[in-house]
Each structure stands twice: as structure tokens, then as C-alpha cells.
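What follows is the residue order along each chain.
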Amino acid sequence: MRNSFYLVFILLVASCQKNVEKADMVITNARVYTLNWDDPAINGVPAINAPYKDGKWSFDAEAIAIKNGLILEVGSNESIEKLIGESTTHIDANQAVIVPGLIESHGHIQEIGEQKENINLRDLTGEDIIETLYKRSLEVPKGEWIVSSGWDEGKFANNYPDMVELSKKVPDHPVILYGLRGFGTMANKLAFEKAGITVNTQVPDGGEILKDEEGNLKYVLLNNARGLLNSKVPERTSKQKERILKYGLNELASLGFTTTHHAGVRKNYMGAYESLHAKNELPIRVHAFIATTEPNKELVNEWIEKGPTEQDTSFFQVRTFKAYYDGSLGSRGAKFLDDYEDMDGHTGVCGVEYGFHPDVVEKVLDAGFQLAIHAIGDKANRDVLDFYEAYYDKNPKSKALRHRIEHVQIVHPDDFSRFSELNVIASMEPAHAVEDMPWAIDRVGKERIKGGYAWRTLREQGTAIIFNSDLAGTDPDFFYGMHCAITRKKRNDEKSWFPEQALTPEESLRAYTIWGAYSAKQEQLTGSIEVGKWADLTFMDIDVLNEGITNPSELLNGNILKTMVNGTIVYEN
């Protein structure tokens, strides 16, 4: 009788083992940070259940099993063995560090591809810019447009490259120079003539056409005036646009990003996105934020009519609109409560004057979309918070959509607490805090700058923060962004700008992962490595949490080894 019992028991165990669901893929011999523990306190102290002790982090898993693009199990090498079948793909991670798939939550993807195909002006002096464009004019047929990009609006705000000189040296080619941050466009005389821009051209609301003291054109357009010329550059073909987007998305995959939020998609690229999606050629997940600008009104109305996309598993989502409330700090377009420190009588431009139309934006909200509003200056941030608050008074359910403010660069002390009170997410760029700072202090002064790029102050008020690069204006490299976030330093620079506002390595990693997922209401699907979530994973060769504490400069030497989206490797070093 006893032997019969044991026989039945053995048969039952064998049967259960035989019926264990086998994985499509297993990853072993890894060092995994799942982020499957509670958020740190608002002062950055890790949660009690975090794998952290005596100032040191420990990895909380070493193996991951994947089935149908989802995480099947997370644990030890031994615990995963039972899930390996005859057709299971086995990846030996060779001690690579694996974190949840990184999320680039504010970028302009086409700019990466366009800059690849354009002439790169980044870091050139004004004289070098003119010489570079002159040399290109000798290589292309007369009359062909010469397109360039990458000059820094902040750097040149007080002394723009001489476009009159460029016009003399390059008279037979229309030349356009797109600004690094997207708030300025320069050109030569022929390009202005092609666009019909003269000294008598009416300046659009929220724009500026620069002229010299005698009233002559300087061939520089700022903020909303850029459209006078940008819209006249010959349109790229559909195939070119698809190629440009795929280049940008593949670049992000090589940087470890598994999802991107494209902030401000216009009709000229929406068709290319939809085509790539229909052909299953999107290498990473894309959330397209529709730009609520006047030239884009056809696309805006189309999607207000359609409503937000509803299929969570789709690689292409349209659930958010991007609105623009003020200009940039570098070009003195950001809106402030008081005058600019370096320009008396000037406070910037915002609202309807800048192209923000509340009636259109409210229709977007009425249709159930999330809203992300660009706001830089303290007046702009206050006005946008007021706008959200007024809308919630009439439509309280909208508060649950986790609306956003993009950049949040300078905030008045009285307004920090309002972000969490209104459930507004602060979408911010670590690199901006260190790259802009030298001239940002000149713009706003030493007192107002204390409310600038103030991540810790926002965290202490309970604000949800996400990090991104605003690419292609800033290097989208995750390791660089994280380095800026925890040191408040640029590369190869010992100057730390307001280090009391820095975040911890854990907070910074979360701002690129689970908090980014939260901003898109997808924290139940991605952002941490848990059973049932998407198998979106980033493999790297550096322990970012411990190195971030002991040797943060070493982060700049980090490398992405693999990027996995939905259980498929989309990049491998």
C-alpha cells in the first residue's frame, strides 16, 4: 500500500513537470535590477523592501524566462531550468546588467534622421558655419537647397552668425539652418526670397524676424516666425520620411530605449509612422504626441474625431497631444513674471500670442486625450497649472489622465506644490540643467535660477518626475543623462550646478523606466521586470546603481549590449 502511494506521487510529480509551460526564451547568468520594489522616499532614501543595505545595492534576480513576448518567470538560474524545452532559445548574459527597457519620454525622432542627412553645425563657430556651407555649395548644383542644422540658439542669442555674409558667399543656393532646440531658423538671402519673406512681411504671433538698426533683414527667424521659411523647404518623399524615422528609432534602440514618446508629431510625418506600423517595421514602441499648432490643425481635427488609440499591445499609440505655451529660454521666448535679467522690459511670449489656443486644447481634453504642454518660464508654468486647474473644476475625471508639463525649467516657489496637487507630471531633461546653466543664469539671475531644473524640490512636493533628452537638441545617451541627473555636471567638467537638486541613481533610473511607464498609464505593462509584463529589457555593461553612488563619472563609459522589445532583440552590440 505504501509503495503504491509513492508510485502515484512520483507519477503526479512527473506529470506536473511534463505539463510545465516551456519558455520561448530564457536569459541566465545575468545581474538583474527588476525595480519590482517600492518607490524611494521623497528624499531619495530607498524603500524598506529594496535590495539595498549599508549603502550598497544588490541584484534581485539572475534569470528571466519569456513566453509570447511576455515575462514568464524571474528568479535564479536554477528556478528557470524547468522552463527550458527543446525549442527554447537560451541566452547566456555573461554577467550583463539587465534593467527594465528604457523609455525616452520626450524627443523629436525625425530630427535624428534629418540631422544625419543634413549638414551638422553643432559646436561650430559662426565663421565655421559660413565656411562649411560655402564648401557644400561648391559640391551641389546651383539652385538646389542646402539644408543644415544644429546651431545653438542660446549660444548665439547675442551674436548670430552673419547671414548677410553667407548670402554673399552662397548666392546661388537657398540655404536653411535649423536651430538645435527648434526655436530658431537662419537662412541666406535666396532662401528668404524663395519664401517671399521681406522687410515688410507681417510677423506671426509669437514670432520674431530680426533686423539690424537700419531695418535690414538679418535673415534670422525666431519662435513662431520660423514657419514662414520652414514650410517652404521642399517636402521629402514618403520613402525618405520612413527612412529618416527608422534611422532615428534604430538609433534609440542602440541606446537601450524600448519605447519613445515623440513630442509634437505633425502631419508631414504621421503618414510615415502609420506606414511603418502597418508594415510591422517599428523597431521600438512609439507614442505619437500630436502637435496642436495652427499649421497642423487638419491632423489635430482628424484625431479629435478618432479619439485615443485603445489597443495596449500596439507598437504605435496616439493618446496624447502636445501644446506649446511659451518659447525657449535661450532665445528669450520663455515667459516670465518679471523682466529678463539681461533684457529690461522683456518677459518673453506665451499663450494665444504664441499659438496656444485654449478652445482647441480643451477640445483635445474633451475627447479624452492626455495633454503635454511645453512651458519653460515661471509665468508659463503658472499659467499652465492654472489652465489645468480650471479645466478640472469643470471636468474632474480628466485629472486621472496624468497630464504633463514639458521642461518645467523655471518654477516660482509658490507653484512647486501645485504639480502634485493637480496630478501633473514634470517631464524634464537632466542635460538641460547643466548645458544651459551658464547662460541661463544670465537670463534669469541668481535668485530665480534657484527655481530652475529643481528636481529635488519637485520630488519633495510629491511630484511625479520623468527624464528624457528632448532629442535631437541634446545627446539622448542614457548614461550621459543619468550622469547629469546625479552629479549636475557636464562631461569632463568639475562644476556642479546646484547639486542639492540632484536625484539619486535609483530615482534617475526610475525616471527613465517605471516612472516613464506611469506617465503613459502603462505601469502595469512595462517599466519593471515582473511576471506578465512585456519582455522589454535593456542589457548594459555597468552597474548603474552602485557606480552611480561610488564613481558616477564611470557612467559615461557605460555601453548598451542588447536591447530587447517584446522578447525580440532589436539591437546587439
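All values reported here derive from a predicted model rather than from experimental measurement. (Residues numbered from 1 in each chain as written. Predicted model: local features only at pLDDT ≥ 70, side-chain atom pairs only at ≥ 80, totals over all residues. Heavy atoms only, no water.)

### Remarks on empty space enclosed by the protein
The criterion, for reference: Only protein atoms enter the calculation, which uses a 1 Å grid: trapped sets of points that fit a 1.4 Å probe without letting it out are cavities, open sets showing protein on both sides within 12 Å along at least five of seven lines are pockets, and any residue with an atom within 4 Å of a point is a lining residue. Grid points are joined across faces, edges and corners, and a volume is the space filled by probe spheres set on the points. Note on residue classes: Ala, Val, Leu, Ile, Met, Phe, Trp, Tyr, Cys and Pro are nonpolar, Asp, Glu, Lys and Arg are charged, and everything else, Gly too, is polar.
For the coordinates displayed, the defined rule picks out four cavities of 30 Å³ or more. Counted as a void, the largest cavity has a volume near 140 Å³. Contributing to the lining of the largest cavity are 17 residues, with Arg181, Phe183, Ser328, Gln409 and His432 lying nearest its centre. For the lining of the largest cavity, the class distribution of residues is four nonpolar, eight polar and five charged. The computed volume of the second largest cavity comes to approximately 50 Å³. Lining the second largest cavity are Glu104, Glu429, Pro430, Ala431, Asn468, Ser469, Thr474, Asp475, Pro476, Asp477, Gly481 and Tyr512. Looking at side-chain class alone, the lining of the second largest cavity contains four nonpolar, four polar and four charged residues.

### Describing the sheet that holds strand 25 (residues 568-572)
Condition: In this analysis, strands are considered paired if DSSP registers two or more bridges between them. Numbering of helices and strands runs from the N terminus; a helix is a DSSP stretch of H or I covering at least four residues, while a strand is a stretch of E covering at least two.
Here five strands make up an open sheet; going across it, the order is 2-8-23-24-25 and the pairing mixed. In this open sheet, the two edge strands, each paired with only one partner strand, are strand 2 (31-32) and strand 25. As paired strands, strand 2 and strand 8 (residues 97-100) are joined by two bridges and run parallel to one another. If you follow Val32 over to strand 8, its bridge partner there is Ile98.

### Here's the deal with the nonpolar core
As a reminder of what qualifies: Remark: nonpolar core denotes a set of buried residues (Ala, Val, Leu, Ile, Met, Phe, Trp, Tyr, Cys) joined through side-chain atoms within 4.5 Å. Burial status follows relative accessibility: with a 1.4 Å probe on protein chains alone, a residue under 20% of its type maximum counts as buried, one over 50% as exposed, and anything between as partly exposed.
Residues Leu329, Leu371, Phe478 and Val544 are the most contacted members of the largest nonpolar core, which totals 108 residues. Core analysis: the next-biggest nonpolar cluster, separate from the first, contains 35 residues, Val147, Phe156, Phe192 and Leu217 among them.

### Brief notes about the confidence of the model for the chain
Stated precisely, the cut-off is as follows: What pLDDT reports is the predictor's confidence in each residue, on a scale of 0 through 100. A contact between two residues is defined here by any heavy atoms of the two lying within 4.5 Å.
Of the residues in the chain, 97% reach a pLDDT of 70 or more, and the chain-wide mean stands at 93. Across residues 5-17, where pLDDT falls below 50, the model places one contact with residues more than four positions away in sequence or in other chains.

### Describing helix 8 (residues 238-254)
Condition: Expected span of a helix: the number of residues minus one, times 1.5 Å.
Taking 1.5 Å per residue as the helical rise, helix 8 with its 17 residues ought to reach 24 Å, and the 24 Å between its terminal C-alpha atoms agrees with that figure. At the exit of helix 8 stands Gly256, carrying a positive phi of roughly 95°.

### Focus: the sheet that holds strand 20 (residues 404-407)
Basically, it comes down to this: Where helices are involved, their axes are fitted lines through C-alpha atoms of the stretch in contact, as for all axes, and angles between N-to-C directions lie from 0 to 180°.
The strand order 9-16-17-18-19-20-21-22 describes an open sheet built from eight strands, whose pairing is parallel. Since the sheet does not close on itself, it has two edges, and those belong to strand 9 (102-107) and strand 22 (465-467), each with one partner. For this sheet, the mean angle separating the axes of adjacent strands, direction not counted, is 25°. One ladder, built from four bridges, connects strand 19 (residues 370-375) with strand 20; its direction is parallel. Paired with His374 across the two strands is Glu406, which belongs to strand 20. Docked against the sheet, helix 12 (residues 378-394) engages strand 19 and strand 20, running at close to 160° with respect to strand 19.

### Some details on the pairing of strand 21 (residues 425-428)
The following threshold applies: With its strands directed away from the observer, a crossover is right-handed exactly when the path from the first strand over the helix to the second travels clockwise.
Judged by which residues are buried, strand 21 turns out to be covered on both faces: Ile425 and Ser427 on one side and Ala426 and Met428 on the other are all buried. Judged from the three bridges that link them, strand 20 and strand 21 form a sheet pairing that is parallel. Each residue of the ladder has a partner; that of Ile405, found in strand 21, is Ala426. Considered for its hand, the β-α-β crossover made up of strand 20, helix 13 (residues 416-421) and strand 21 is right-handed.

### Observations concerning the pairing of strand 13 (residues 184-187)
Every regular strand shows the same layout, with side chains that alternate between the two sheet faces. What you see with strand 13 is no split at all: Gly184 and Met186 on one side and Thr185 and Ala187 on the other are buried throughout. As defined by bridge partners, strand 12 (residues 175-179) adjoins strand 13 across three bridges and the pair is classed as antiparallel. From the neighbouring strand, Leu177 faces strand 13, where its bridge partner is Met186. Taking the residues that link successive antiparallel strands as the turn, the strand 12-strand 13 hairpin has four residues, and the phi of Gly182 there is positive, at about 80°.

### Some points on the packing of aromatic side chains
For any pair of aromatic rings, the description consists of the separation of the ring centres together with the inter-plane angle of the planes. How we decide: Here is the rule: rings of Phe, Tyr and Trp (six-membered ring for Trp) pair when centre to centre is within 6.5 Å. Planes less than 30 degrees apart are stacked, more than 60 are edge-to-face, and the remainder are tilted. Working rule: Lys NZ or Arg CZ, within 6 Å of ring centre, within 35 degrees of ring normal, means a charge sits over the ring.
In this structure the tally under the stated criterion is 17 aromatic pairs. An angle of 85° between the planes, with centres 5.1 Å apart, marks the rings of Phe478 and Tyr512 as edge-to-face. One end of the pair, Phe478, is in helix 17 (residues 478-487); the other, Tyr512, is in the loop between helix 18 (505-511) and helix 19 (514-519), and 34 residues separate them in sequence. Three or more aromatic residues joined by ring pairs make a cluster, and in this case those are Tyr325, Phe356, Phe387, Tyr388 and Tyr392. The ring of Tyr518 is capped by Arg402, whose NZ or CZ atom sits 3.7 Å from the centre of that ring. Against the face of Tyr480 rests Arg491, its NZ or CZ located 3.9 Å from the ring centre.

### Quick notes on the side chain of Asp477
To keep it simple, the criterion reads: When charges are tallied, Lys and Arg are placed among the positive residues and Asp and Glu among the negative ones, while His and the ends of the chain are skipped. When a carboxyl oxygen of Asp or Glu is within 4 Å of a side-chain nitrogen of Lys or Arg, the pair counts as a salt bridge. Here a polar contact is taken to be a pair of N or O atoms separated by no more than 3.5 Å, where protein atoms must pair a possible hydrogen donor with a possible acceptor and residues adjacent in sequence count only if both atoms sit in side chains.
Structurally, Asp477 is set in the loop between strand 22 and helix 17. Of the side chains bearing the opposite charge, Arg491 lies closest to the buried Asp477, which forms no salt bridge; the N-O distance is 4.3 Å. A polar side-chain atom of Asp477 sits 3.1 Å from the main-chain amide nitrogen of Phe479. In this structure the side chain of Asp477 is engaged in a polar contact, spanning 2.8 Å, whose partner is the backbone nitrogen of Tyr480. Residues within four places of Asp477 in sequence aside, it is in contact with Leu255 and Arg491.

### Considerations on unusual backbone geometry
For the peptide bond that leads from Leu471 to Ala472, omega is 10°, which places it in the cis range. Within the fold, Ala472 resides in the loop between strand 22 and helix 17. Residues other than glycine seldom take positive phi values, yet Leu35 does so here, at roughly 60°. If you trace the backbone, Leu35 turns up in the loop between strand 2 and strand 3 (52-53). Not every positive phi belongs to a glycine, and Asn423 is a case in point at roughly 60°. Here Asn423 shows up in the loop between helix 13 and strand 21.

### Section: the side chain of Arg510
Structurally, Arg510 can be placed in helix 18. A distance of 2.9 Å separates a polar atom in the side chain of Arg510 from a polar atom in the side chain of Glu506. Those residues in contact with Arg510, other than ones at most four positions away along the chain, are Leu35, Trp37, Asp38, Asp39, Pro40, Trp515 and Gly516.

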